[in-house]
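# A structural walkthrough
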2 protein chains.
Amino acid sequence: MDLYSGHINRLIDELASLPGIGGKSAQRLAFYIINLPKDRVKKLADSITNARENVHYCKVCCTLTDDDICPICNNPNRDHKTIMVVENARDLAAYEKTGKFEGVYHVLHGAISPMLGIGPGDIRLTELMQRLQTEDVEEVIVATNSSLEGETTAMYISKLVKPTGIKVTRIASGVPVGGDLEYIDEVTLLRALEGRTEL
Amino acid sequence: MDLYSGHINRLIDELASLPGIGGKSAQRLAFYIINLPKDRVKKLADSITNARENVHYCKVCCTLTDDDICPICNNPNRDHKTIMVVENARDLAAYEKTGKFEGVYHVLHGAISPMLGIGPGDIRLTELMQRLQTEDVEEVIVATNSSLEGETTAMYISKLVKPTGIKVTRIASGVPVGGDLEYIDEVTLLRALEGRTEL
């Protein structure tokens, strides 16, 4: 016999299928939702449907946006000659939060990963190369993650872009600010050493 | 400036308002949802709306159900003379999972907590007393949690029910099965000692 009613079970199953939500959390969330006021529940369900229906890729940088062209690409005050390439919209947001990057972005929506069967054709590289041909770009900053996939993607991009004569740079890899050397892995320590700069 | 589009921000805000989901998890979930196939997203949103719209209290035991009367109260093979009183539907499910309890339930939807301003009138005690008057009940097993609120509620119920002549019992409190005495708090150890039974 099912422990809960059909509707509750369906809700629990749906919630438990989301990443990072286990069976117990799904149960707790389901009961929380059932006890919410109806208008709050409607807002929650609508926000899910609306986000999926109305969010699409920016025609220029491929980030997720409500409009045809995202507010960053549409902003004339940004430096459109400097493109930072990131793996996803969350990484874009992370750099935007610093408030110090004045250029524009290009979102790949992934990284090359032979292990997962993700090749160069599966991420937004064609769109990047088209931008470099049509726009007046001076520098491409590759800010993919410092993981195996991120590094592979960075190498691939550098090989693609170099023949065009456009400068390609890679964000520095090293000891994070506030990081304690004792607890940092050897690869990072060696990277930090290689990337040392003069004081 | 907002880091994401309006729809994404609204979805993140809605998700982050749920219990146990922080800002980072809400962000991860939102991007996961945006990348799901449309029919999966519709199923998720519908399950939320449907659960809230169609789930209500069982007219007999107050548990959450799709029908007027829940399958347990409707089951003639259950022992309707024994009512187990629990705080919520999850506790009911926990006892149902044991598969050994043949009686029926009464769900209070809370416990008396002067700290949180929850009095006897805020939980489904009136409904319980009405059942005891109209149904042929032999025993009320109080299975509220072993917390301050649960114990207070248990005492309160015992005082209400005793004058009716119906037997009131309380589930045992003690060392959990598999529990290591070394790591168990003193109150539990004393409870286990008080509640010792002959071998």
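Residues numbered from 1 in each chain as written. Chains lettered and ligands numbered in written order. Predicted model: local features only at pLDDT ≥ 70, side-chain atom pairs only at ≥ 80, totals over all residues. Heavy atoms only, no water.

Put simply, the rule reads: UniProt positions are given in the numbering used here, feature names are shortened, and annotations may be inferred rather than shown by experiment.
An unreviewed UniProt entry annotates chain A as Recombination protein RecR of Butyrivibrio proteoclasticus. Quoted verbatim from the Function (unreviewed entry) field of UniProt, the annotation for chain A is "May play a role in DNA repair. It seems to be involved in an RecBC-independent recombinational process of DNA repair. It may act with RecF and RecO." Heading Sequence similarities (unreviewed entry) of the UniProt record for chain A holds this comment: "Belongs to the RecR family."

### Quick look at the pattern of salt bridges
Definition in use: Salt bridge, as applied in this entry: a Lys or Arg side-chain nitrogen positioned within 4 Å of an Asp or Glu carboxyl oxygen. Working definition: helices are DSSP H or I runs of at least four residues, strands are E runs of at least two. Numbering for both runs from the N terminus. Each residue gets one of three labels from its accessible area relative to the maximum for its type: buried under 20%, exposed over 50%, partly exposed in between, using a 1.4 Å probe on protein chains only.
The final tally for this structure, using the stated rule, is 22 salt bridges over all chains. Its salt-bridge partner being Lys38 of chain B, residue Glu53 of chain A comes within 3.6 Å of it at the nearest N-O pair. With Glu53 of chain A in helix H3 (residues 38–54) and Lys38 of chain B in helix H3 (residues 38–54), the pair connects residues from two separate chains. On the basis of relative accessibility, which here comes to 42%, the residue Lys38 of chain B falls in the partly exposed class.

### Re empty space enclosed by the protein
Using the following cut-off: A 1.4 Å probe that fits but cannot get out identifies a cavity on a 1 Å grid over protein atoms alone, an open set with protein on both sides within 12 Å along at least five of seven lines counts as a pocket, and a residue lines either if it has an atom within 4 Å of a point. Grid points are joined across faces, edges and corners, and a volume is the space filled by probe spheres set on the points. Residue polarity follows a fixed list, in which Ala, Val, Leu, Ile, Met, Phe, Trp, Tyr, Cys and Pro are nonpolar, Asp, Glu, Lys and Arg are charged, and the others, Gly among them, are polar.
One pass over the structure, following the stated rule, counts one cavity of 30 Å³ or more. Approximately 70 Å³ is the volume attributed to the largest cavity. Lining the largest cavity are 14 residues, and of these Leu15 and Leu18 of chain A together with Leu15, Leu18 and Ile48 of chain B lie nearest its centre. Elements represented by at least two residues in the lining of the largest cavity include exactly helix H2 (23–34) and H3 of chain A together with helix H2 (23–34) and H3 of chain B. For the lining of the largest cavity, a count of residues per class yields 14 nonpolar, no polar and no charged.

### Some points on the packing of helix H5 (residues 125–134) of chain A against helix H6 (residues 148–161) of chain A
Relative orientation and spacing of two packed helices are given, respectively, by the angle between their axes and the distance between those axes. Residue and element names in this part refer to chain A. Filter applied, for reference: Between N-to-C directions, angles cover 0 to 180 degrees, with each direction set by a line fitted to C-alpha atoms, over the stretch in contact for helices. If you view the pair so one helix is near and one far, a crossing is left-handed when the near helix is turned anticlockwise from the far one by less than a right angle, and right-handed when it is turned clockwise. Residues are treated as being in contact if the distance between any of their heavy atoms lies within 4.5 Å.
The interhelical angle for the contact between H5 and H6, taken along N-to-C directions, is 35°, at an axis separation of 11 Å. The chirality of how H5 crosses H6 is right-handed. Across the interface between the two elements, Leu125, Leu128, Met129 and Leu132 from H5 touch Tyr156, Ile157, Leu160 and Val161 from H6. Split into classes, the residues belonging to the contact of H5 with H6 amount to eight nonpolar, no polar and no charged.

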